[in-house]
Amino acid sequence: MKDYILIVITCIALQVVAQETPKTWSLQECIDYAVDNNLQIKQQLLSLDDADIDIQNAVGAYLPNLSGSVNNAWNTGLSINPITNITDRITVRNSSYGLSTRVPIFSGLQNYHRLQQTKLQKVANQYNIDTAKDNIRIQVTNSYLQIIIQKENLQVLKAQHEITLGQLKRTQQLIDAGNLPKGDILELKATSATDVQNIANSENSVLIAKTALIQLLNLNFDTDFRVKEIEATFDDLAILDQPINRIVSNVLNQRNEVKLAAQNLDIADKQIELSKASLYPSISAFANVNTSETGRSNEALFKQLDDNFGFNYGLSLNVPIFSRFQNRNSVKRSKINKLRNEFELAQVQQRLSREVYQAYLDAQASNKAFEASNLAVKANEQAYEYAKNRFEVGISNSLDFTQAKIRFQNSQVQLIQSKYDLLFKLKLLELYIKGKIE
């Protein structure tokens, strides 16, 4: 019994600890969660339900309809008495019942083209949703990297502030020993105050970056949100060795924006066929069943219904002769719409080619900037160490040391920016080429 109680207490304790430990999100987890929970995508998913309803309506157009009618009326005035068969001023109640149906036989292929069009529209809606998901992936990746950038900037600023505090202590010792004038510490104190201000601004930048990503994920703003650190590797640099024309060609063959525009063009073709179908005759079959009874008859209700039973059926031909130009103008408008979709497809291909080419050039430029930033950090680090050594032995003043420190600090921040800018550009190319971000 004691062992059982101990196990229960342990499980409860572990559960409490698990609830108190905030979740740490990876980039892939953020992307997957945003795709599943983003409000914009949820709203666009409703278009698939609309498309299913349209398909069901198009299928239903092949089926016969069925409608029933029941009428019950009282006629007061001069009427024929059904009992005496004499005209008299009386109130007569009459009721009638009927069923009718109409069966489409040929509708100029309108039903066929409408069904095909609704199926194409559902596929187009899916492409539109996939495009929205790609946009969300880019936004989440950018927001995630912004958090990493701001956190690393904060670490640099804190580390540099610790160096400043150490130099303040060292300078005060030299002043107390009479090796430095008292004025040399003023510049370091000003630098320390600036460091504190920069740290506060950087902490706020981290919070702003987290808030932007929380909003994309549709989480509560008070969520204790943490992200996993990213090991910025650049294995995808091999992408930049591929010919740009081959990259653009591959992108145009698989991007959802192009597929959506091409699908809309197919829908426009179907709309032309659908408009032309209205110019053809249509044939349908019909059938009606009806009966009636009156309250003034001596016969029983069911006897009346049986005696008054009627049935008619036949075929109906509808030939459009002159529709005040509406049908032919509908065909013309559909052809214009097809031309509009052809231009739209060309524009999408042109815009996407330009975006891919620009992303390719941006990635190349970012790679060069990253290499230059590495060299700048090394050079400024050597200059900073040299200035620090000179300052510690009293050869140079605090102003020279502070300027060298600021240049080194700025180069570190620039390296962080260029590193993650290159990573984002490569991820963007990866999305264009592979259709996903890994």
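Figured I'd write up the structure that's included with this text.

Reading the values: the criteria
Throughout this document, residue positions are counted from 1 along each chain, in the order its sequence is written. Where local features are concerned, this predicted model is filtered to residues with pLDDT of at least 70; where side-chain atom pairs are given and counted, the filter is 80 or more; whole-chain, interface and lining totals use all residues. Where side-chain values are given, they derive from all heavy atoms of the structure, hydrogens and water being excluded. Starting at the N terminus, helices and strands are each numbered in turn, a helix being any DSSP run of H or I of at least four residues and a strand any DSSP run of E of at least two. Atoms counted for the radius of gyration: C-alpha only. Globule rule: 2.2 Å times residue count to the power 0.38. Relative accessibility thresholds used throughout: buried, under 20% of the residue-type maximum; exposed, over 50%; partly exposed, between the two (1.4 Å probe, protein chains only). We call two residues in contact whenever any of their non-hydrogen atoms come within 4.5 Å of each other. Where accessible areas are quoted, they stem from the Shrake-Rupley method and a 1.4 Å probe; at the residue level, only the protein chains shown are allowed to cover. His residues and chain termini do not enter the charge count, which takes Lys and Arg as positive and Asp and Glu as negative. To locate a charge, take atom NZ for lysine, CZ for arginine, CG for aspartate or CD for glutamate. Note on aromatic contacts: the rings of Phe and Tyr and the six-membered ring of Trp form a pair at centre separations within 6.5 Å, being stacked when their planes are under 30 degrees apart, edge-to-face when over 60 apart, and tilted otherwise. Side-chain atoms within 4.5 Å are what join buried Ala, Val, Leu, Ile, Met, Phe, Trp, Tyr and Cys residues into a set we call a nonpolar core.

### A short note on the overall build of the protein
Moving on, step 1. Of regular secondary structure, the protein possesses ten helices and six strands.
Moving on, step 2. The C-alpha radius of gyration of the protein comes to 40 Å, more than 25% above the 22 Å expected for a compact globule of 438 residues.
Moving on, step 3. Taken along the three principal axes of its C-alpha coordinates, the protein extends 140 × 70 × 50 Å.
Moving on, step 4. The burial tally for the protein puts 36% of its 438 residues in the buried class.
Moving on, step 5. Sequence-distant contacts, at least 24 apart, represent 81% of the contacts inside the protein between residues at least 6 apart.
Moving on, step 6. Total accessible area computed for the protein in this model is approximately 26000 Å², and 54% of it derives from carbon and sulfur atoms.
Moving on, step 7. Computing the positive centroid from 47 side-chain charges and the negative centroid from 46, the protein places the two 6 Å apart.

### Brief notes about the packing of aromatic side chains
Moving on, step 1. Counted according to the given criterion, the structure contains five aromatic pairs.
Moving on, step 2. With a centroid separation of 5.4 Å and an interplanar angle of 85 degrees, the aromatic rings of F322 and F325 are classed as edge-to-face. Neither residue differs from the other here; F322 and F325 are each classed as exposed.
Moving on, step 3. The interplanar angle of 20 degrees and the centroid separation of 5.4 Å between the aromatic rings of Y384 and F408 together place this pair among those described as stacked.

### Observations concerning the nonpolar core
Moving on, step 1. If you look at the biggest cluster of nonpolar residues, it comprises 33 residues, and the most contacted ones within it are I247, V251, L352, V356, Y360, L429 and Y432.
Moving on, step 2. For this core, the elements supplying multiple residues, two or more each, are α4 (110–176), α5 (184–217), α6 (244–254), α7 (256–277), α9 (326–392) and α10 (398–434).
Moving on, step 3. Considering every element that reaches this core, the biggest residue donor is α9, with eleven residues.
Moving on, step 4. In this structure Y360 touches I239, L240, Q242, I244, I247 and L429, once residues within four positions along its chain are discounted.

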